[in-house]
Amino acid sequence: MTSITVVGAGVFGAATARELALRGLDVTLVEQYTPGDVRSGSGGDTRLSRAAHGNVEWYTHLSQRARTLWLELQEETGTQIWEPVGVAWFAHTDDGSRRRAA
């Protein structure tokens, strides 16, 4: 396979398309809305990067890798895309999935 189409240009689709292109694939990225559309699930000024999700260790590793790639892209383009801020998130569910750290 040398060409691929990624459907959805949100954070995950765009990141996937970029990674595949960097690996030498011919990538077409398609999106139904224009950039910055309010219907976009990845748009807006405030988004967070979660480092843990229940007790699944792979999520933490993927989150850390994603942050590294975002910082590399920021350095490569000279455009600030990562704003380091803090957040305290207190949540509780009966199964405890939001209380366990990976």
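Because the structure is predicted, anything quoted here is derived from the model rather than measured.

Cut-offs and rules
- Residues numbered from 1 in each chain as written.
- Predicted model: local features only at pLDDT ≥ 70, side-chain atom pairs only at ≥ 80, totals over all residues.
- Heavy atoms only, no water.
- Helix = DSSP H or I, 4+ residues; strand = E, 2+ residues; numbered from the N terminus.
- Buried < 20%, exposed > 50% of the residue type's maximum accessible area, 1.4 Å probe, protein only.
- Contact = heavy atoms within 4.5 Å.
- Areas by Shrake-Rupley, 256 points an atom, 1.4 Å probe, with all protein chains shown as cover.
- Expected span 1.5 Å × (residues − 1).
- Arc of directions from axis to C-beta.
- Salt bridge = Lys/Arg side-chain N within 4 Å of Asp/Glu carboxyl O.
- Phe/Tyr/Trp six-rings, centres within 6.5 Å; stacked < 30°, edge-to-face > 60°.

**Q** Any chance you could explain the overall build of the chain here in plain terms?
**A** Scanning the chain for helices and strands turns up two helices and two strands. Across the chain, helices and strands are ordered from the amino to the carboxyl terminus as β-α-β-α. Looking at the chain residue by residue over its 102 residues, the buried ones come to 11%. Sequence-distant contacts, at least 24 apart, represent 35% of the contacts inside the chain between residues at least 6 apart. Carbon and sulfur atoms form 54% of the exposed surface of the chain, whose accessible area is close to 8,300 Å².

**Q** Help me understand helix H1 (residues 11-22), please; the structure alone is not making it clear to me.
**A** Along an α-helix, residues three or four apart share an orientation, since each turn contains 3.6 residues. Over its 12 residues, H1 extends 16 Å from the first C-alpha to the last, a length consistent with the 16 Å expected when each residue adds 1.5 Å. Where H1 is concerned, the buried positions are Gly13, Ala17 and Leu20. Seen from one end, H1 has its buried residues packed into an arc of 70 degrees, which puts them on one side. Residues Phe12 and Leu22 are exposed on H1 and point more than 90 degrees away from its buried face. Against strand E1 (3-7) and strand E2 (26-30) lie the buried residues of H1.

**Q** Can you help me understand the pattern of salt bridges in this one?
**A** Proximity of charged atoms lets side chains of opposite charge pair with each other. Tallying each qualifying case throughout the model produces two salt bridges. One salt bridge connects Arg18 with Glu76, and the closest N-O pair in it is separated by 2.9 Å. You can see Arg18 sitting in helix H1 and its partner Glu76 sitting in helix H2 (residues 57-77), a full 58 residues away along the chain. Glu19 is paired through a salt bridge with Arg23; the nearest N and O atoms lie 3.0 Å apart. Given the relative accessible area of 63%, Arg23 is considered exposed.

**Q** What is the right way to read the packing of aromatic side chains from this model?
**A** Two numbers describe a pair of aromatic rings. These are the distance of the centres and the angle of the planes. Per the counting criterion, the structure on display carries one aromatic pair. A centroid spacing of 5.9 Å and a plane angle of 55 degrees characterise the contact between Trp58 and Tyr59, whose relative ring orientation is tilted. A relative accessible area of 26% places Tyr59 in the partly exposed class.

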